[in-house]
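Fold and geometry: a report
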Amino acid sequence: MKPTNWIAALNARVSAFRKETESQGKTFYQGASRINLASFPPKEHWDDWIALEPVRGSGKRREKHYMLVPTTCFNCESACGLLAYVDRESMEVRKFEGNPEHAGSRGRNCAKGPATINQVTDPDRILYPLKRAGARGEGQWTRVSWDEVLDTLAERIRNAIVEKRHREIMYHVGRPGEDGFTEDILKAWGVDGHNSHTNICSSSGRAGIQYWMGYDRPSNDFANAEVILLTSAHLEAGHYFNPHAQRIMEAKKRGARLIVVDVRMSNTSTHADHWVSPYPGSEPAIFLAVARYLIETKQYNREFVRRWWNWHEYMTAERPDEPATFEAFETALGELYADYTFEYAAAESQVPVAQIAAVAETIAGAGTKFCTQNWRSAAAGNLGGWQVSRTMFLLNALLGAIGVEGSTYPNGWTKFVGKRPISAGHPHHWNDLTFPLEYPLGMNEMSFLLPHFLKEGRGTIDTYFTRVYNPVWTNPGGFDWVEMLSDESKIGLHAALTPTWNETAYFADFVLPMGHSSERHDLVSTETHSEQWVTFRQPVARAARERLGETITDTREVNPGEVWEENEFWLELTWRIDPDGSLGIRQHVESKKTPGERISLDEYYGWIFDHSIPGLPEKAAAEGLTPLAYMRRFGNVTVGTVGEALYENPVPAAELADEHIDPHGRVYTRAEAPPKINGAPTPNPEPDAEGRRAAGVQIDGEIRAGFPTPSGRLEFYSATLAQWGWPEAALPTYIKSHIHRDKLAADQMPLIPTFRLPTQIHTRGANAKWLSELAHNNPVWIHPKDAERLELADGQLIRVETELGFFVAETWVTQGIRPGVVACSHHMGRWQFTGSTDHHQRTMETALAHNDRNWSLTPAEGKQPLAPQAGPDAKRVWWTAVGVHQNLTFGVHPDPISGQHCWHQAVRVRAAEPGDVPGQIHVDLEKSDAVYREWLAMTRPADKVSPDGTRRPGWLLRPLKPTADACRLPGRAETP
């Protein structure tokens, strides 16, 4: 039969070509993909790869010689592999393609990977250190030397440390892109100064998982699954989406079923067997209805539940008058979820009963080959959103689909982080600006509340670093950040570490040019599938020149201008903070090979590759290379395939001494803990009353490894939540969102602002010309029924009124959003202050103004044609839309348990007023303060609920976890 479409025809041609080639004894390059790849240069030819390129205007082609150097993409968290094509004549990087040696991405990239070349060649990038010349925000700068920058910062930090003002040093990072380097630097300084963007991103997604199994991230074996449940657009634009998308599609081709729960019709939804579009925030009701179906029909994995749930702890704590038997628990389980019928879930979610039933039947048939994933999406949008991931994971726990082939794994099994040569102790200080008493259960730092904390007088910051972070644009309430950053009494010195201009950098004192992904070192491992791997990000120009025999000791020798990299910057700054070693800081960054000198990056990474990654020295030796040279040459190493059901592993007798087993089977011992093979971040269950460490859990008379939870089991019942003031949330349950229909006025609708476009980057893509051409506007999605009701037409200008003010945008009337809900993506509405540097991409040239605390942002009229000096590509910018910066109009909504900012908004939508222009914004910061106080009042502070006199449960993950003394509540000298 002849192919009926062009795809089938292409597949037939490829198949024929493959058969012909293989019949001649030839093979394709396999790489880490373990499949034949026809288009990749074999690694044996990476020193001198010859490509034929057209000669402009001649119709001819000429040979071009390239050196191929691996690095790692930095345009999302996937850490996909890149190959830089370095021109051997000019030593310039000409393009980026995928690295076939990379175990996660396997040679494939999304649009953001190749667009790295746009960032590297961006004519507007910052090339030299800059110092503020006028007032903050005036946009006046003068070029300074790196020595002046380093000496200024070192003196301030040294003075703060000597004067015991450790809490006044803060490092605020968005996308780390590394595994632990800068955290080690902060430990060396002895400061609890790490702040992150996690609470505007993934805190609720993490919390729902950590309360179950101790680890805070899922890691799915998508390729071997039979049923995949995504609560997001994960296939197109989710967490680790390129590596995940490949494996999800492999499963689909094999016959796996895909269920997508997403309010809008995403690209991912188009691949789904079941697209479920619920009213936002009702997702837990659906998952609990599926759970009830599994329980009622006895299609759950009874033996797994008996062995691995902490049902005994639940029964003794919550049902003390009933027998603490598994049979009694099964009866209780049915009672707990009896009300979550398909009809109830349908009423809450507005999803038909038949569809919920069909989803339940599909999941029931998965057995243990069932994968679930939620990261941002519904978890990040809703009050109680952490119960989205907790109730979704309940389905895994019922089926026993945890840590076995085709299921959801703990991320600590599949992510690999080795030991590092910089090893300092825990800080002796607790930073209340990041972990305040009101949020003892918050997953990571309460970063987006910082302006409100400083406004209340909770502290000041002497030296503030922002790195790969743009809170003015990214966070809710951006004008609060403008107020804070403009006030030198609150922020003494702000250093913005950034390759490109951003809205936050305009309010800095130093703007420090840092390298893009091809101009810096980092070591990264991500949990993409059931295998551990490590990837090496490196400055490709440096690696290429070193391959030719040159000696490079500083990336500034090969980077454009005086662009540096964070690794060398942090090492040198640490060296200068403690010039004579009297503070005990300098020793942490001193070379072991040449004492008295600062450690080099070759020594730093060489030590890791020599000592920390199993199998790497042997693989390197087989290639005739040192481990460092191997990683510079290939960029990635596979550590090994993950075993199954590691929680079932027996605990050797040698690891037990004077063991104690509590009434629920948790095993404690005085034996020394064995060394960790994999140093990925894992919780550390607290010792028992006698100081013995947790060593396992007794299951049917045998001691097994278990999970790193307080009970050692999967925690259906969270004693932590119950004891820390939230007993009503201790089980997987349904918490009605702040935008539940019962809480909205008749003329309000939920606005969904959490989704991302697959071809854009949070804050680093504004000047990536290829990506901007692909996506440059963020209209408001609105269903035709709502458009008709509100008398709005497609493309019409509208006002979207939030609790703080309003923004002006265009409509997109589409069937791709459920009725009664509107949506608007992030990534758009970038600022360009009038009179600032000319950009070669279209941004919103803005007029920023405020009257008292009423702030406005208005695109400047008549400024859209790009200046001639903007570069040769300016004439190719055919679009005029730049989108709207909607986040400015959102108040802060910290979930009182997880701390996650709850992004969904209750809004009113109406036609724009005369004179309104796209991108226009108005905000009242008095209302912003009121919203902050309203949500703060929902909390249950540690000094009121702590059961043991500590600020936070010790087993929950925490960057730079301070010492035990620092963890105690003020006035509590001892922990009972």
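The structure contained in this document is the topic of the report that follows. Throughout this description, residue numbers start from 1 for each chain and increase along the sequence as written. Local features in this predicted model are restricted to residues of pLDDT 70 or higher, and side-chain atom pairs are both shown and tallied only at a pLDDT of 80 or more, whereas totals for entire chains, interfaces and linings draw on every residue. The side-chain figures draw on all heavy atoms in the structure; neither hydrogens nor water molecules are used.

1. Details of the sheet that holds strand β3 (residues 81-87)
Basically, it comes down to this: One requirement defines pairing of two strands: DSSP has to find at least two bridges between them. Under the DSSP-based scheme used, a helix requires at least four consecutive residues in state H or I and a strand at least two consecutive residues in state E, with every element numbered from the N terminus. Every axis in this analysis is a line fitted to C-alpha atoms, fitted for helices over the stretch in contact. Angles between the N-to-C directions lie between 0 and 180 degrees. When checking whether two residues touch, look at their non-hydrogen atoms; a contact exists if any pair is within 4.5 Å.
Pairing is antiparallel across the open sheet formed by four strands, whose spatial order is β1-β2-β3-β4. Only two strands of the sheet have a single neighbouring strand rather than two, namely β1 (49-55) and β4 (93-98). Recorded for the sheet is a direction-independent mean angle of 40 degrees between the axes of neighbouring strands. With five bridges connecting them, β3 and β4 associate as antiparallel partners. Of the residues in β4, the one forming a bridge with Tyr-85 is Lys-95. Strands β2 (60-72), β3 and β4 of the sheet are contacted by helix α20 (residues 540-547), whose axis makes an angle of about 110 degrees with β2.

2. Description of the packing of helix α5 (residues 203-213) against helix α15 (residues 386-399)
Let me state the cut-off plainly: Every angle not falling under 35 degrees, over 145, or within 65 to 115 is termed oblique; those three ranges are roughly parallel, roughly antiparallel and roughly perpendicular. Crossings are assigned a handedness: left-handed for a near helix turned anticlockwise from the far helix by less than a right angle, right-handed for a clockwise turn. In the scheme used here, Gly and all other residues not listed as nonpolar or charged are polar, with Ala, Val, Leu, Ile, Met, Phe, Trp, Tyr, Cys and Pro taken as nonpolar and Asp, Glu, Lys and Arg as charged.
Viewed as axis vectors pointing N to C, α5 and α15 meet at an angle of 40 degrees, and their least axial separation amounts to 7 Å. With respect to α15, the element α5 is oriented oblique. Relative to α15, the crossing made by α5 is right-handed. In contact with Ser-204, Gly-205, Ala-207, Gly-208, Ile-209, Tyr-211, Trp-212 and Met-213 of α5, α15 contributes Trp-386, Ser-389, Arg-390, Phe-393, Leu-394 and Ala-397. Residue classes in the contact of α5 with α15 are distributed as nine nonpolar, four polar and one charged.

3. Focus: the environment of Ala-285
Selection rule: Each residue is assigned to one of three classes by its accessible area relative to the maximum for its type, calculated with a 1.4 Å probe on protein chains only: buried under 20%, partly exposed between the two thresholds, exposed over 50%.
Assignment of secondary structure puts Ala-285 in helix α8 (residues 283-296). Looking at Ala-285, the relative accessible area reads 0%, which means it is buried. Spatially, the C-alpha atom of Ala-285 lies 29 Å from that of Thr-528, the residues being 243 residues apart in sequence. If we ignore the near neighbours within four places in the chain, the residues touching Ala-285 are Tyr-340, Tyr-344, Ala-345, Glu-348 and Tyr-734.

4. Description of the packing of aromatic side chains
For clarity, the threshold we go by: Pairing of aromatic side chains here covers Phe, Tyr and the six-membered ring of Trp, requires ring centres within 6.5 Å, and sorts the geometry by plane angle: under 30 degrees stacked, over 60 edge-to-face, intermediate tilted. By definition, being over a ring means that NZ of Lys or CZ of Arg is both within 6 Å of the ring centre and within 35 degrees of the ring normal.
In this structure the tally under the stated criterion is 50 aromatic pairs. Ring centres 6.4 Å apart and planes at 70 degrees place the aromatic pair Phe-453 and Tyr-932 in the edge-to-face group. Pair noted here: Phe-453 is in helix α17 (residues 450-455) and Tyr-932 is in helix α28 (residues 925-936), with a separation of 479 residues, a long-range link. An aromatic cluster of three or more residues is present, and its members are Trp-212, Trp-309, Trp-311, Tyr-314, Phe-326, Phe-329, Tyr-337, Tyr-340, Tyr-344, Phe-393, Phe-716 and Tyr-717. Residue placement shows Arg-799 over the ring face of Phe-806; its charged tip is 3.7 Å from the ring centre.

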